[in-house]
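# Coordinate analysis (summary)
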Amino acid sequence: INTTAKLRTPQLAKVYPWKRLYRELDATQNAGMVWVSGAAGSGKTTLVTSYLSARHIMCLWYRIDKEDNDLASFFYYLAIAAKKATPLQHTSLPILTPEYKMGTKTFARRFFSQLYRRLQAPCALVFDNYERISADSILHTVLLEAQQTLPEGITIIVTSRKPPPQALARIRASQHFLWIDGDALRLTQEEANSIAQIH
C-alpha cells in the first residue's frame, strides 16, 4: 500500500466556493457525521476539501481501500494518519491485537477516544472512497462507535459513490447526521455559470 497516497489530503486548484452546501456543513460542528454520496466526478472530494480549506478546519484524511475490510489494517493505517496529523504527540494509539477481536466495539471506543483527545477542534476526520467497503463489513460498526464518541468541534465526513449502508440506519435517524446526495451536488445554473467564469 502506498501510505503517502492513502493518507494525503487532495490538493485542489482554485475552485468555486460552494456556499449553498457550505452552510449545511457548518451545522455539523456539534458531534456530527456527514455522508457525501454521488457518482464519480460529481464533486464529492472538491466539496469536502474546498470546505475544509475555506473554514480553516484541520483535517485527518484517510483514503479507504479494500484492505480496510480487515480491521487490523484499518486501525494500523489510521494510527499512522494520526501520527502525521499530530507529530508532537509521543504516545501511541492502541493496536488491534488478536485478543481484541471479540471486543471490537470496546476497542473502537478506546481507539477513537484517544484519537480525539489528540485533535484540536475544529477538525474533520475524512474517510474517502467508502464504497470500497463491503456491505457486511464490521467497519460499519466501527464507524458507529467513532460517531458516538465524537466530542464537540470534531466532525466525521464520509465520501462514497453509494448511499449510507443499512448498518448506519441508527445514525441516519439522528439529528447528528447530514446526507448530501447526488441531487444536492447537482449544480444550479448560477453555480455552473460561476464555475465557468473561474475556468
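For the structure itself, consult the block above.
This text gives an overview of the structure that appears in the document. Quantities reported herein were computed from a predicted structural model and do not represent experimental measurements. Positions within a chain are numbered from 1, following the residues in the order the chain's sequence is written. Per-residue local features of the predicted model are confined to residues with pLDDT of at least 70, and side-chain atom pairs are confined, for both listing and counting, to 80 or more; whole-chain, interface and lining totals are unaffected and use all residues. Side-chain calculation: all heavy atoms of the structure are included, whereas hydrogens and water are not.

### Some remarks on helix α2 (residues 19–26)
Accessible area is worked out with a 1.4 Å probe on protein chains only. A residue is then buried under 20% of its type maximum, exposed over 50%, and partly exposed in between. A helix here means a DSSP run of H or I that spans at least four residues, while a strand means a run of E at least two residues long, and both kinds are numbered starting from the N terminus. Here α2 has its buried residues at Leu21, Tyr22 and Leu25. Down the axis, α2 shows its buried residues gathered within 110° of arc, on one side only. In α2, the exposed positions that point more than 90 degrees away from the buried face belong to Lys19 and Arg23. The directions from the helix axis to the C-beta atoms are what the arc is built from.

### Quick notes on the sheet that holds strand β3 (residues 123–128)
Strand pairing requires that DSSP identify at least two bridges connecting the strands. Read from one edge of the open sheet, 5 strands run β2-β3-β4-β1-β5, paired in parallel fashion. Of all the strands in the sheet, just β2 (58–63) and β5 (177–180) have a single pairing partner and so form its edges. Strand-to-strand twist of the sheet, defined as the mean angle between neighbouring strand axes without regard to direction, takes the value 15°. Here strand β1 (residues 33–37) runs beside β5; their pairing, made up of 4 bridges, is parallel. Of the residues in β5, the one forming a bridge with Met33 is Phe177. The criterion used for residue contact is that any of the two residues' heavy atoms lie within 4.5 Å. Note on method: axes are straight lines fitted to C-alpha atoms, helices fitted across the in-contact stretch only, with angles between N-to-C directions ranging 0 to 180 degrees. Relative to β3, helix α5 (residues 104–118) is tilted by about 130°, and along the sheet it contacts β2, β3 and β4 (154–160).

### Examining the packing of aromatic side chains
To describe a pair of aromatic rings, you give the distance between the ring centres and the angle between the ring planes. Any two of the Phe, Tyr and Trp rings considered here, Trp counted by its six-membered ring, make a pair once their centres fall within 6.5 Å; the pair's planes then place it as stacked at under 30 degrees, edge-to-face at over 60, or tilted in between. This structure, assessed with the given rule, holds 13 aromatic pairs. Centroid distance Trp35 to Tyr130: 5.3 Å. Interplanar angle 75°. Geometry classified as edge-to-face. With Trp35 in strand β1 and Tyr130 in the loop between β3 and α6 (139–148), this pair connects stretches of sequence that are 95 residues apart. Under the relative-accessibility criterion, Tyr130 is labelled buried at 3%. Connected via pairs of aromatic rings, a cluster forms that spans Tyr62, Phe74, Phe75, Phe107, Phe111, Phe112, Tyr116 and Phe127. Sitting over the face of the ring of Tyr77, Lys6 holds its NZ or CZ atom 5.7 Å from the ring centroid. The criterion is that NZ of a Lys, or CZ of an Arg, lies within 6 Å of the ring centre and within 35 degrees of the ring normal, and then a charge sits over that ring.

### Description of the state of the cysteines
For the purposes of this analysis, a disulfide is any pair of cysteine sulfur atoms at a distance within 2.5 Å. Tallying each qualifying case throughout the model produces 0 disulfides. With no disulfide of its own, Cys59 lies closest to Cys123 among cysteine sulfurs, the gap being 7.2 Å.

### Topic: the packing of helix α4 (residues 71–85) against α5
For the pair α4 and α5, interaxial distance at closest approach is 12 Å and the crossing angle is 5°. Relative to α5, the element α4 lies roughly parallel. Along its contact with α4, which presents Leu71, Phe74, Phe75, Leu78, Ala79 and Ala82, the element α5 presents Thr104, Phe107, Ala108, Phe111, Phe112 and Leu115. Class assignment for the residues of the contact of α4 with α5 results in 11 nonpolar, 1 polar and no charged. Orientation is classified from the angle alone, with under 35 degrees giving roughly parallel, over 145 giving roughly antiparallel, 65 to 115 giving roughly perpendicular, and any other angle giving oblique. Gly falls in the polar group here, along with every residue not listed as nonpolar (Ala, Val, Leu, Ile, Met, Phe, Trp, Tyr, Cys, Pro) or charged (Asp, Glu, Lys, Arg).

### As for the nonpolar core
By nonpolar core we mean a set of buried residues, namely Ala, Val, Leu, Ile, Met, Phe, Trp, Tyr and Cys, connected to one another through side-chain atoms within 4.5 Å. Counting 39 residues, the largest nonpolar core has Phe112 and Leu115 as its most contacted members. Within the residue set of this core, elements represented by two or more residues are β1, β2, α4, α5, β3, α6 and β4. Per element, the largest residue contribution to this core is 7 residues, and it comes from α4. Sequence-distant contacts of Leu115, defined by excluding residues within four places in its chain, comprise Leu60, Leu78, Ala82, Leu93 and Leu125. Judged by nonpolar contacts, the second largest core, of 20 residues, contains Val36, Ala124, Ile180 and Leu185.

### Topic: the pattern of salt bridges
Any Lys or Arg side-chain nitrogen found within 4 Å of a carboxyl oxygen on Asp or Glu counts as a salt bridge. For the structure on display, the rule yields 7 salt bridges. When the shortest N-O distance is used, the salt bridge between Asp65 and Lys6 registers 2.9 Å. You can see Asp65 sitting in the loop between β2 and α4 and its partner Lys6 sitting in helix α1 (residues 3–7), a full 59 residues away along the chain. Arg63 is paired through a salt bridge with Asp128; the nearest N and O atoms lie 3.9 Å apart. Remark: Asp128 occurs in strand β3 and Arg63 occurs in strand β2; sequence separation between them is 65 residues. Arg63 sits in the partly exposed class, given a relative accessible area of 23%. Each member of the salt-bridge network shares a partner with another, and the members are Lys6, Asp65 and Asp68.

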